[in-house]
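# Summary of the model geometry
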Amino acid sequence: MSIKVLTPGLLTSIQDLGRYGYQKYGVIVSGGMDAYSLRLANLLVGNEEGEAVIEMTLMGPSLLLEEDLLLAITGGDLSPAINGQPVPQGRPVLVRKGSVLKFGALKSGCRSYLAVRGGFDIPEVMGSKSTYLRAGIGGYQGRALLQGDILPLGLACPLPFAESLVRAMGSSSFAFPPWYVGRSYVLQKSQEYRVRVIPNSQFSLFSPDSRKQFFQEPFQVTTQSDRMGYRLSGVSLQLTEPLEMISEAVALGTIQVPPDGNPIILMADRQTVGGYPKIAQVAGVDISTLAQIKPGSKIRFEEISLGEAEELYAAREADIQRINITIQLQLAGTAT
Amino acid sequence: MLTFDEIKEVIRMVEQSSIQHFELEQENSKIVISKAGIHKVQTGSHEGLEVPKAVWAAGESEQRLAKEIPDVQAEPLHTIVSPTVGTFYMASEPGADPFVKAGEEVESNAIVCVLEAMKLFNEVVAGVKGTIVERLVNDGDFIEYGQPLFLVKPKL
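Glancing now at the overall build of chain B. Looking only at helices and strands, chain B features 2 helices and 11 strands. Element order for chain B, N to C, with α for helix and β for strand: α-β-β-β-α-β-β-β-β-β-β-β-β.

Written as structure tokens, this is what we have:
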């Protein structure tokens, strides 16, 4: 039971929902950048939502599937194809042993997620299978995937639903059901993405002009952006007067502003503490949107209250629970 | 002898299937359901559409209904009905081209729309090879189980 990496793509790594509980020792959280898509991919194949998946970035890998398996692809559209045939995203796909799953041109988004039924049989490090790239721990040998890697798969009982796919498959190399989950959260169509934020601890220390411009002017995601943070360029944000700060905790989506005035949004591989003033905090519900914004795109910040951010978060979680229930019914074969 | 509820159930099942004519004989009772020759009546507005109804009655009802509806065509139209409850969408995502348009020829396995229920999108296939005559519902409408979605002129 394994998947062989024929070509690795640009940055392809094993990620789950992250390594929590060790930030106090300086160990970063890591995990999938677009956690929403990651959870969805797992649910679609009947896994626990936090199982390890393959995260790929901008340019996907080419993988040899050495076993019959049930997989699901979510997130950005990297034109996945099995043996040359386009394969749909957002649904479980049963694939025949020996098939090659190849990702191609980026059509939308920035990151795509591949979950397989049973997950990956790799050891957990500090409670997580996520790859911590800089420290070289977790995931597959602590690094991004390379050509020739052989990823062992976990065991899972076959789903009753898969039997109907076996019949539907016939002589082709894959089959999928007539239902799928939507992609509305991660893929806005506009050229300028809206990101909702809550003013952060040092917001009031920024100059009145900077505070106004922060919400009025667009910022561009630069090519120096990575899994650690999105470096933005646009108007230079300045404090009213210089500030010496003692480093303090930072969170996923914290927007900090170094002295050069260009904000940085901290993402999955963020450091555990930071000493730059924090102008705002991205609402949890928009992190997945952010993770699908590719370098070069523009974003515009919109202020919401903490209460609104909490409501949006709760509504998103309720949505995921609804999706989970519906998918489980489908996978159990009790619905048609 | 069938109970009233059982008869209702039979009617419902036949109505939602592509069966055009159905007969059930049991002891001293007989049910005949025929959909032949019945199709929608256009009354001007979209709301005025009448959904094809299954009729259970003795044999002459078929003829009687045929007389009541003036524009009966020689070939009965196939109705694509909803396999589930959900919100009707003509396209795979907002702004995308609709799956099918009126006048378009479709294969029986062609996807004609999606229905969203509990965040899951269910694809609906034509089920018959032919030409789409009319869409009976609007984008974003909430659809009931068994509700007619499209009329298709089957290709013989």
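Now that the structure has been shown, we can carry on.
Moving on, we get to the overall build of chain A. Assigned secondary structure in chain A consists of 5 helices and 22 strands. In terms of C-alpha radius of gyration, chain A reaches 21 Å, essentially the compact-globule figure of 20 Å for 336 residues. For chain A, buried positions account for 45% of its 336 residues. Within chain A, counting contacts between residues at least 6 apart in sequence, those at least 24 apart form 77% of the total.

To continue, consider the pairing of strand 5 (residues 86–89) of chain B. When a strand is regular, its side chains alternate between the sheet's two faces. As defined by bridge partners, strand 5 of chain B adjoins strand 10 (residues 142–143) of chain B across 2 bridges and the pair is classed as antiparallel. The residue of strand 10 of chain B that forms the bridge with B:T87 is B:F142.

What follows is about the sheet that holds strand 13 (residues 179–181) of chain A. Consider a sheet: its strands pair through backbone hydrogen bonds, and that pairing is either parallel or antiparallel. Pairing is antiparallel across the open sheet formed by 5 strands, whose spatial order is 13(A)-8(B)-7(B)-5(B)-10(B). Two strands lie at the open edges of the sheet, namely strand 13 of chain A together with strand 10 of chain B, each paired on one side alone.

What follows concerns the domain arrangement of chain A. Residues and elements named next belong to chain A. With domains assigned, chain A is organised as domain 1 (2–186) and domain 2 (192–304). With centres defined by C-alpha atoms, the gap from domain 1 to domain 2 works out at 30 Å. At the interface, 22 residues of domain 1 touch 13 residues of domain 2. When contributions to the side of domain 1 that touches domain 2 are tallied by element, the ones reaching two or more residues are helix 1 (35–44), strand 5 (69–77) and strand 10 (108–116). Tallied by class, residues from the side of domain 1 that touches domain 2 come to 10 nonpolar, 10 polar and 2 charged.

So, about the interface of chain B and chain A. Chain B puts 7 residues into the contact, and the matching count from chain A is 12 residues. In this structure, strand 13 of chain A lies alongside strand 8 (residues 120–125) of chain B, joined through 3 bridges in antiparallel fashion. Paired with A:W179 across the two strands is B:N122, which belongs to strand 8 of chain B.

All names here are of chain A. Across 2 bridges, the pairing between strand 15 (residues 219–221) and strand 16 (residues 229–233) is antiparallel. What sits directly across from V221, in strand 16, is L232. In this structure, strand 16 lies alongside strand 19 (residues 264–266), joined through 3 bridges in antiparallel fashion. Across the sheet, the residue bridging to Y230 is I265, located in strand 19.

Quick look at the packing of helix 1 of chain A against helix 5 (residues 306–331) of chain A now. Residue and element names in this part refer to chain A. At their nearest, the axes of helix 1 and helix 5 sit 10 Å apart, and the two run at 15 degrees to each other. It follows from the interaxial angle that helix 1 and helix 5 lie roughly parallel. Judged by the sense of rotation from one axis to the other, the crossing of helix 1 with helix 5 is right-handed. Residues R39, L43 and L44 of helix 1 touch helix 5, and the partners they reach there are I320, I323, N324 and I327. Residue classes in the contact of helix 1 with helix 5 are distributed as 5 nonpolar, 1 polar and 1 charged.

Turning our eyes to something else, we now look at unusual backbone geometry. Residues and elements named next belong to chain A. Although it is not a glycine, M126 adopts a positive phi angle of roughly 50 degrees. Structurally, M126 is set in the loop between strand 10 and strand 11 (150–152). Positive phi, close to 50 degrees, is recorded for Q141, a residue that is not glycine.

Judged by pairing direction, the barrel is mixed, and its 7 strands sit side by side in the order 14-21-18-19-16-15-22 (chain A) before closing back on the first. When the angles between neighbouring strand axes are averaged without regard to direction, this sheet yields 40 degrees.

We now examine helix 1 of chain A. The periodicity of an α-helix, 3.6 residues per turn, causes residues three or four places apart in sequence to face the same way. Residues and elements named next belong to chain A. In terms of burial, helix 1 is a largely internal element, 10 of the 10 residues being buried. Those residues of helix 1 that sit buried are A35, Y36, S37, L38, R39, L40, A41, N42, L43 and L44. With its phi angle positive at about 80 degrees, G46 sits one or two positions after the end of helix 1.

Here we come to the environment of A:R39. All names here are of chain A. Relative to the helices and strands, R39 resides in helix 1. For R39, a count of 26 C-beta atoms within 10 Å puts it in the buried group. Residues R39 and C157 lie 118 residues apart in sequence; the distance between their C-alpha atoms is 20 Å. Apart from residues lying up to four places away in sequence, R39 is in contact with E49 and I320.

Moving on: the nonpolar core. A:A41, A:L44, A:L71, A:A115, A:I265, B:V112 and B:C113 are the most contacted members of the largest nonpolar core, which totals 105 residues. Per-element accounting of this core gives the leading share, 7 residues, to helix 1 of chain A. With residues near it in sequence (within four places) discarded, A:A115 still touches A:A41, A:N42, A:L44, A:V45, A:N47, A:E51, A:V53, A:L71 and A:A72.

Mapped onto the elements, B:F150 comes out in strand 11 (residues 148–154). Spatially, the C-alpha atoms of B:F150 and B:E6 are 28 Å apart, while their sequence positions differ by 144 residues.

Rules used in this analysis
- Residues numbered from 1 in each chain as written.
- Chains lettered and ligands numbered in written order.
- Predicted model: local features only at pLDDT ≥ 70, side-chain atom pairs only at ≥ 80, totals over all residues.
- Helix = DSSP H or I, 4+ residues; strand = E, 2+ residues; numbered from the N terminus.
- Rg over C-alpha atoms; globule rule 2.2 N^0.38 Å.
- Buried ≥ 20, exposed ≤ 12 C-beta atoms within 10 Å, placed from the backbone.
- Contact = placed C-beta atoms within 7 Å.
- Pairing = 2+ DSSP bridges.
- Domains from an automatic or database assignment.
- Nonpolar A, V, L, I, M, F, W, Y, C, P; charged D, E, K, R; others polar.
- Axes fitted to C-alpha atoms, helices over the stretch in contact; angles between N-to-C directions.
- Parallel < 35°, antiparallel > 145°, perpendicular 65-115°, else oblique.
- Left-handed = near helix turned anticlockwise from the far one by under 90°.
- Core = buried A, V, L, I, M, F, W, Y, C linked by C-beta atoms within 7 Å.

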